[in-house]
Amino acid sequence: MDYYQSDDQHTLMITPDEADQFWDWFQNNAVAMQVDGAAGIQNSLYVVGECFHNAQTEAVQNGSRYAEGFMVVNGHNYLHAFNLIGGQAADVTVNSHPDTFRQDNGALPNQYYGLEIPQDFIGAPGNICLLRRYFLAAMNPAP
């Protein structure tokens, strides 16, 4: 996937001078996760296309773990935010609107690849990607 030719570059905001270091860090730290279909976290208030807000809200309000990375749908990778239950992806956005997601993408995600973002990186839940901020903190740890 050519990340810099997709809309995701505007969400993640990795600058060209950070790119090599970011992708090395991501590949060395991200893990593949299967979908936890049994978890079924869903809420009709979660909105399609607002995965960062939805998953952050779920983490803050219900104490679930929060992750960012990519979901795989029909062999395509999409930048995405989701929650974790027992090391598996629990996707509140997809679980809350599976029919809409199938219609828009032809299938549901079958794999997720990403990193858990610590709860203290989430301020007031918003529709913003936290992965770059987490990367910068990992590269420049506070004393």
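One can find the structure itself at the top, above this paragraph.
How each quantity is defined
- Residues numbered from 1 in each chain as written.
- Predicted model: local features only at pLDDT ≥ 70, side-chain atom pairs only at ≥ 80, totals over all residues.
- Heavy atoms only, no water.
- Pairing = 2+ DSSP bridges.
- Helix = DSSP H or I, 4+ residues; strand = E, 2+ residues; numbered from the N terminus.
- Axes fitted to C-alpha atoms, helices over the stretch in contact; angles between N-to-C directions.
- Contact = heavy atoms within 4.5 Å.

A. Structural view of the sheet that holds strand E5 (residues 111–117). Read across the sheet, five strands follow the order E1-E5-E2-E3-E4 without closing on themselves; strand pairing throughout is antiparallel. Where the open sheet ends on each side, the last strands, each with one partner, are strand E1 (31–33) and strand E4 (88–90). Each strand of the sheet is rotated relative to its neighbour by a mean of 50°, with strand direction disregarded. With three bridges joining them, E1 and E5 adopt antiparallel strand pairing. Note on E5: the bridge partner recorded for Met33 is Tyr112. Across the sheet, helix H2 (residues 19–29) is in contact with E1, strand E2 (65–73) and E5; its angle to E5 comes to roughly 105°. Of the strands in this sheet, E2 and E5 are in contact with helix H6 (residues 131–139), which crosses E5 at around 55°.

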